[in-house]
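The lines below spell out each chain.
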Amino acid sequence: MDLRFTPDETTFREEVRAFIRDNLPIDIRDRMRLGHSPRKEDTVRWQRILNQKGWAGLSWPKEWGGPGWSAIQKMIFLEENQVAPAPELSSFNITMIGPVLIQFGTAEQKQRFLPRAANLDDWWCQGFSEPGAGSDLASLKTSAKRDGDSYVVNGQKIWTSTAHQADWCFVLVRTNPNAAKRQEGISFLLVDMKTPGITVRPIISIDGSHHLNEVFFDDVNVPVSMRVFEENKGWDVAKFLLGNERTGIARLGKSKERVKAAKAMAREVNANGRPLIQDATFRQRVAQLEIDMQALEITQYRVVSAYDKAKGSGRPDPLSSVLKVKGTELLQATTELAMDVAGPLSMPVWAEELEAMNEPDDMLEAASASTGSYLFLRAASIYGGTNEIQKNILTKAVLGL
Amino acid sequence: MDFELVDDQRLLQDSITRLLGDRYAFEQRKNYLKTPEGFSPALWSQYAELGLLGVPFAEEYGGFGGGAQEIMLVMQAFGRALILEPYLATVVLGGTALQVAGSNAQKAELLPAIAEGRLKLAFAHSERQARYDLTDVVTTAKRSGGGWVLDGAKSVVTHGDAADRLVLSARTSGDRYDADGITLFLVDTTTPGLARRGYATRDEQRAADVALSNVTVADADVLGEVGKGLAIVQRIVEAGIAATAAEAIGAMEAMHSMTLEYSKTREQFGKPIGSYQVVQHRLADMFMTMEQGRSMAMLATMMVEHPEADERARKIAMAKVGVGQAARYVSQSAIQMHGGIGMTEEYAVGHYFRRCMVIERLFGDPAYYLQRLAEDVE
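Keep in mind it's a predicted model, so treat the numbers as computed, not measured.

## Some words on the overall build of chain A
Okay, step 1: Across its full length, chain A carries 13 helices and 10 strands.
Okay, step 2: Taken over the C-alpha trace, chain A has a radius of gyration of 22 Å; the compact-globule value for 401 residues is 21 Å, and the two agree within 12%.
Okay, step 3: Each of the three principal axes of chain A carries a C-alpha extent, and together these read 75 × 55 × 45 Å.
Okay, step 4: Counting only residues that meet the buried cut, chain A has 54% of its 401 residues in that class.
Okay, step 5: Pairs at least 24 residues apart make up 73% of the contacts formed inside chain A by residues separated by at least 6 positions.
Okay, step 6: On chain A, roughly 17700 Å² of surface is accessible, and the fraction owed to carbon and sulfur atoms is 50%.
Okay, step 7: On chain A, the mean spot of the 49 positive side-chain charges and the mean spot of the 51 negative ones are 5 Å from each other.

Below is the structure:
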């Protein structure tokens, strides 16, 4: 047992940090530092810079342009990227559809989609949830009926993040409504968002942002060549994808970045006649969060190191549910901290009216953005399998109940 | 980073687990409690035979040549079995004092004696007025001829009544709260003027209050440099925090598995209580909390031998808070999930609960360390 970073790991961290420092465009970095979410073009620009460097593929094999990193190196990269703060890689492209195609895709699908996914030439979104199928995903109803060389897709998806910006969507559809088990009649399709019959309707979140959508499918034609893996075996693909998704889900770097931002703001604002950073209650709250982040960091390395040892046996470590729950609790607690520091300035909405005043006011902008993240990240304990579902997973997998 | 045990560590772990499996069932433990010592002298000899009492000492002193990681494995197993013997006091606290500050002569005399089971130590530092403040020492040591004369009192000395010698702090210069001027002494507990009053603590272990009146100690029994004892005290405390963090993990593992087992067998409204989601989620919460605590215990272990004092102190303080909070949640939940039976003396869970309660307070509680960490927020 050796819980220190190896010299190689330390060198790697320094290399990543230096690259991000030297290559992250200043305008993107400044927007992110103020606490804004990256714009679509920010994410695209940064991912292309990383792809140029050969780093966008994260866990992809070298043959498909991956950097050939160990799971520990991958964690180090993600953390440095979040702390910078830089836009995160498109998770739909990099940790979802990429690994799915590498594992299950045909040669043609791989060649067509993987290089474009790495370079964010195609922006992917995920068509899983439906109005009646949230945590209970297997109850999905969107149907795909075989018609010669095509499927005809009808139905509705919901909570589809970035569908309005997406070029492609990977969609779970029901191809056999009469299967003995609900999980057995599902297939996994790749759908071009420009196909006639697709309608995207925005869902505005409580932070005022347009991130989520409803997607309607009305006699949408999808070539059979766009099915991944066998017909009616889409559930296996989905399970692989969801297991894969969880490895980076703690988003610890993001929590660290939020605490850093909160402390920076606390130096600027006064409470009872002195900087808030000197307030004992505030300091204790920060200290507690730093302790919790420290514990999660070690837990995360335990999971990742076990993954490296097992050489990715494909089965998700049940401890990854701990990462999801504890990571998102921290994400919520740290965004809450930043908003609380902002005080009364947490109330104004930084939008057209304030932007139009055309006087730079970084404090107000950052304060408003901190409320934005607080509101937006209430979703953290809901997406990727709610935290309650994670506890169900632990109950079965670890406790055997 | 590598979290796997090496072969020697696995062997060590297996041999302790086997011994405690044979000799430390909860019913057997009740008999050890009835002895005058409050623990099993026979098992102490067995620990010596197995090499457990020399785990952290170099081979030249009859030790196993291990370090903080091996202590972690031992303490975790001890935590699962709720052992009563003065291992923490003697091997971890006393052993650390000697390893960090002992002269060659002191080490050559005392470490083999510990390893062979012939010598028990206790760490007599805290005083009644001090609460958790390590610099609050008013016991005095004054020069007298070729030696020292000690006066004062030490409070709640873990296993102080079983000890043959005390690693005892006294002020040789300066005032209360001064960092400088504290000196450590090795004091034989039979020295005239030294009085001990032993008593049970809440976890059924033993402690003692120590009174010193005109106690003469030879110069050869000064441990480390005169006036520079605080740094040694800090090392001893850090080793103690790491060791008891591991012990708390063992206790949490035991409570969690007992609670899980109980939830499968205890039926209410015609079904095992473990079939109710509210119970399942509480068990999942206990599991997650325990795993976060385990990560922190690993951190403490990793930091014990870290060369940089401030970083070492800061990380160990974080671990102390994390493990303490985790143990409090897990042990409170264990009793709650058991219901009435968890409240009874005859059932084991309440005994683990009380050991965790004591561990939480040894060397400073989470509130104390949280406040110190808060002061350092930058």
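## Re the interface of chain A and chain B
Okay, step 1: Facing 40 residues of chain A, the contacting portion of chain B comprises 44 residues.
Okay, step 2: Summed over both partners, the interface of chain A with chain B buries about 3900 Å², with 66% contributed by carbon and sulfur atoms.
Okay, step 3: At the boundary of chain A with chain B, the tally comes to 2 salt bridges.
Okay, step 4: The closest approach of N and O atoms between Glu-291 of chain B and Arg-302 of chain A, which form a salt bridge, is 2.4 Å.
Okay, step 5: The tally of links between chain A and chain B comes to 16 residue pairs in polar contact (both at pLDDT 80 or more).
Okay, step 6: Of all the secondary structure elements, the ones that give two or more residues to the side of chain A that touches chain B are helix 8 (252-268), helix 9 (280-309), helix 10 (319-342) and helix 13 (387-397) of chain A.
Okay, step 7: In terms of residue class, the side of chain A that touches chain B is built from 18 nonpolar, 9 polar and 13 charged.

## Quick notes on the layout of surface pockets
Okay, step 1: Volume-wise, the second largest pocket comes out at about 1400 Å³.
Okay, step 2: Lining the second largest pocket we find 45 residues, and of these Arg-17, Glu-79, Val-83, Lys-256 and Lys-260 of chain A sit closest to its centre.
Okay, step 3: Listed by contribution, the elements that provide at least two residues to the lining of the second largest pocket are helix 1 (7-23), helix 2 (26-33), helix 4 (71-83), helix 8 and helix 9 of chain A together with helix 8 (277-304) and helix 9 (309-338) of chain B.
Okay, step 4: Looking at the lining of the second largest pocket residue by residue, the class counts come to 23 nonpolar, 2 polar and 20 charged.

## What about the packing of helix 9 of chain A against helix 8 of chain B?
Okay, step 1: One way to put it is that helix 9 of chain A packs onto helix 8 of chain B with a least axis distance of 8 Å and a crossing angle of 90°. The orientation of helix 9 of chain A relative to helix 8 of chain B falls into the category roughly perpendicular. Contact residues: helix 9 of chain A offers Ile-291, Asp-292, Gln-294, Ala-295, Leu-296, Ile-298, Thr-299 and Arg-302 of chain A, while helix 8 of chain B offers Glu-291, Gln-292, Arg-294, Ser-295, Met-296, Met-298, Leu-299 and Met-302 of chain B.
Okay, step 2: The class makeup of the residues in the contact of helix 9 of chain A with helix 8 of chain B is 8 nonpolar, 4 polar and 4 charged.

## Section: the side chain of Asp-136 of chain B
All names here are of chain B.
Okay, step 1: Locating Asp-136 in the fold gives a position in the loop between strand 1 (121-124) and strand 2 (140-144).
Okay, step 2: What makes Asp-136 buried here is its relative accessible area of 2%.
Okay, step 3: One polar contact links Asp-136 to Gln-129, side chain to side chain, over a distance of 3.0 Å.
Okay, step 4: When residues no more than four places from it in sequence are discounted, the contact partners of Asp-136 are Glu-127, Gln-129, Ala-130, Arg-176 and Tyr-177.

## A closer look at empty space enclosed by the protein
Residue and element names in this part refer to chain B.
Okay, step 1: Per the counting criterion, the structure on display carries 4 cavities of 30 Å³ or more.
Okay, step 2: Put simply, the largest cavity is a space of about 80 Å³.
Okay, step 3: Considering the residues around the largest cavity, the lining is formed by Ile-241, Thr-244, Ala-245, Ala-248, Ala-319, Lys-320, Val-323, Gly-324, Ala-327, Cys-356, Ile-359 and Glu-360.
Okay, step 4: Listing elements by their share of the lining of the largest cavity, those giving two or more residues are helix 7 (229-265), helix 9 and helix 10 (349-361).
Okay, step 5: Among the residues making up the lining of the largest cavity, the classes are represented as 8 nonpolar, 2 polar and 2 charged.
Okay, step 6: Roughly 60 Å³ of volume is contained in the second largest cavity.
Okay, step 7: Considering the residues around the second largest cavity, the lining is formed by Met-75, Phe-78, Ile-83, Glu-85, Tyr-87, Leu-88, Gln-205, Glu-247 and Arg-355.
Okay, step 8: When contributions to the lining of the second largest cavity are tallied by element, the ones reaching two or more residues are helix 4 (68-81) and helix 5 (87-101).

## Quick word on the confidence of the model for chain B
Okay, step 1: Residues of chain B with pLDDT of at least 70 account for 100%, and the chain-wide mean is 97.
Okay, step 2: Here the predicted complex scores 0.93 on pTM and 0.93 on ipTM.

## Describing the nonpolar core
Okay, step 1: Phe-170, Phe-188 and Leu-190 of chain A together with Tyr-47, Phe-78, Tyr-87 and Met-252 of chain B are the most contacted members of the largest nonpolar core, which totals 227 residues.
Okay, step 2: Not counting the four nearest positions on each side in its chain, Tyr-47 of chain B is found in contact with Leu-19, Leu-20, Tyr-24, Leu-52, Leu-53, Phe-78, Ile-83 and Glu-85 of chain B.
Okay, step 3: In this structure, Ala-124, Trp-148, Leu-150 and Val-222 of chain B belong to the second largest nonpolar core, which totals 18 residues.

## Examining the pattern of salt bridges
Okay, step 1: On inspection of all chains with the given rule, the structure shows 48 salt bridges over all chains.
Okay, step 2: The residue Glu-253 of chain B makes a salt bridge to Arg-80 of chain B at a minimum N-O spacing of 2.5 Å. Here the residue Glu-253 of chain B occupies a position in helix 7, and Arg-80 of chain B occupies one in helix 4, the gap between them amounting to 173 residues.
Okay, step 3: Of the residues examined, Arg-80 of chain B reaches a relative accessible area of 29% and is grouped as partly exposed.
Okay, step 4: Taken together, the salt bridges that share partners define one network made up of Arg-13, Arg-17, Glu-79, Glu-80, Lys-256 and Glu-297 of chain A.

## Thoughts on the packing of helix 1 of chain A against helix 3 (residues 40-53) of chain A
A pair of packed helices is characterised by two quantities: the angle between their axes and the separation of those axes.
All names here are of chain A.
Okay, step 1: Close contact between helix 1 and helix 3 brings their axes to 12 Å; oriented N to C, the two are set at 130°. One finds that helix 1 runs oblique with respect to helix 3. Crossing angle aside, the handedness with which helix 1 passes helix 3 is right-handed. Residue-level inspection shows Glu-15, Phe-19, Ile-20 and Asn-23 of helix 1 in contact with helix 3, the latter providing Trp-46, Ile-49, Leu-50 and Lys-53.
Okay, step 2: Counted by class, the contact of helix 1 with helix 3 contains 5 nonpolar, 1 polar and 2 charged residues.

## Description of the environment of Gly-54 of chain A
Residue and element names in this part refer to chain A.
Okay, step 1: Along the chain, the position of Gly-54 falls in the loop between helix 3 and helix 4.
Okay, step 2: Between the alpha carbons of Gly-54 and Ile-97 there is a distance of 18 Å; along the sequence they are 43 residues apart.
Okay, step 3: Leaving out residues up to four positions away in the same chain, Gly-54 has contacts with Gly-65, Gly-66 and Pro-67.

## Here's the deal with unusual backbone geometry
A negative phi angle characterises most non-glycine residues, just as the trans form characterises most peptide bonds.
Okay, step 1: Following Ala-84 of chain A, the chain continues into Pro-85 of chain A via a peptide bond in cis, with omega recorded as -10°.
Okay, step 2: Summarising the element assignment, Pro-85 of chain A is placed in the loop between helix 4 and helix 5 (91-104).
Okay, step 3: Backbone geometry places Arg-131 of chain B, a non-glycine residue, at a positive phi of 50°.
Okay, step 4: Structurally, Arg-131 of chain B is set in the loop between strand 1 and strand 2.
Okay, step 5: Accessibility expressed as a relative area gives 62% for Arg-131 of chain B, which makes it exposed.
Okay, step 6: A positive phi angle, near 60°, is found at Asn-214 of chain B, a position not held by glycine.
Okay, step 7: Using a relative accessible area of 54% as the deciding quantity, one classes Asn-214 of chain B as exposed.

## Section: the packing of aromatic side chains
Okay, step 1: Scanning the entire structure with this criterion turns up 23 aromatic pairs over all chains.
Okay, step 2: Look at Tyr-47 of chain B and Phe-78 of chain B: their rings are 5.4 Å apart centre to centre, the planes differ by 35°, and that puts the pair in the tilted class. Of this pair, Tyr-47 of chain B sits in helix 3 (residues 41-50) while Phe-78 of chain B sits in helix 4; the two residues are 31 residues apart in sequence, bridging distant segments of the chain.
Okay, step 3: Given a relative accessible area of 1%, Phe-78 of chain B falls into the buried group.
Okay, step 4: Clustering of aromatic rings is evident, with ring pairs tying together Phe-12, Phe-19, Trp-46, Trp-55, Trp-69 and Phe-77 of chain A.
Okay, step 5: The ring of Phe-5 of chain A is capped by Arg-13 of chain A, whose NZ or CZ atom sits 5.2 Å from the centre of that ring.

Each value, and the rule that gives it
- Residues numbered from 1 in each chain as written.
- Chains lettered and ligands numbered in written order.
- Predicted model: local features only at pLDDT ≥ 70, side-chain atom pairs only at ≥ 80, totals over all residues.
- Heavy atoms only, no water.
- Helix = DSSP H or I, 4+ residues; strand = E, 2+ residues; numbered from the N terminus.
- Rg over C-alpha atoms; globule rule 2.2 N^0.38 Å.
- Buried < 20%, exposed > 50% of the residue type's maximum accessible area, 1.4 Å probe, protein only.
- Contact = heavy atoms within 4.5 Å.
- Areas by Shrake-Rupley, 256 points an atom, 1.4 Å probe, with all protein chains shown as cover.
- Lys, Arg positive; Asp, Glu negative; His and termini not counted.
- Charge placed at Lys NZ, Arg CZ, Asp CG, Glu CD.
- Buried area = accessible area lost by both parts, 1.4 Å probe.
- Salt bridge = Lys/Arg side-chain N within 4 Å of Asp/Glu carboxyl O.
- Polar contact = N/O pair within 3.5 Å; in protein donor to acceptor, adjacent residues only side chain to side chain.
- Nonpolar A, V, L, I, M, F, W, Y, C, P; charged D, E, K, R; others polar.
- 1 Å grid on protein atoms, 1.4 Å probe; cavity = no way out; pocket = protein on both sides within 12 Å on 5 of 7 lines; lining within 4 Å.
- Points joined across faces, edges and corners; volume = space filled by probe spheres on them.
- Axes fitted to C-alpha atoms, helices over the stretch in contact; angles between N-to-C directions.
- Parallel < 35°, antiparallel > 145°, perpendicular 65-115°, else oblique.
- pLDDT = per-residue confidence, 0-100.
- Core = buried A, V, L, I, M, F, W, Y, C linked by side-chain atoms within 4.5 Å.
- Left-handed = near helix turned anticlockwise from the far one by under 90°.
- Phe/Tyr/Trp six-rings, centres within 6.5 Å; stacked < 30°, edge-to-face > 60°.
- Lys NZ or Arg CZ within 6 Å of the ring centre and 35° of its normal.

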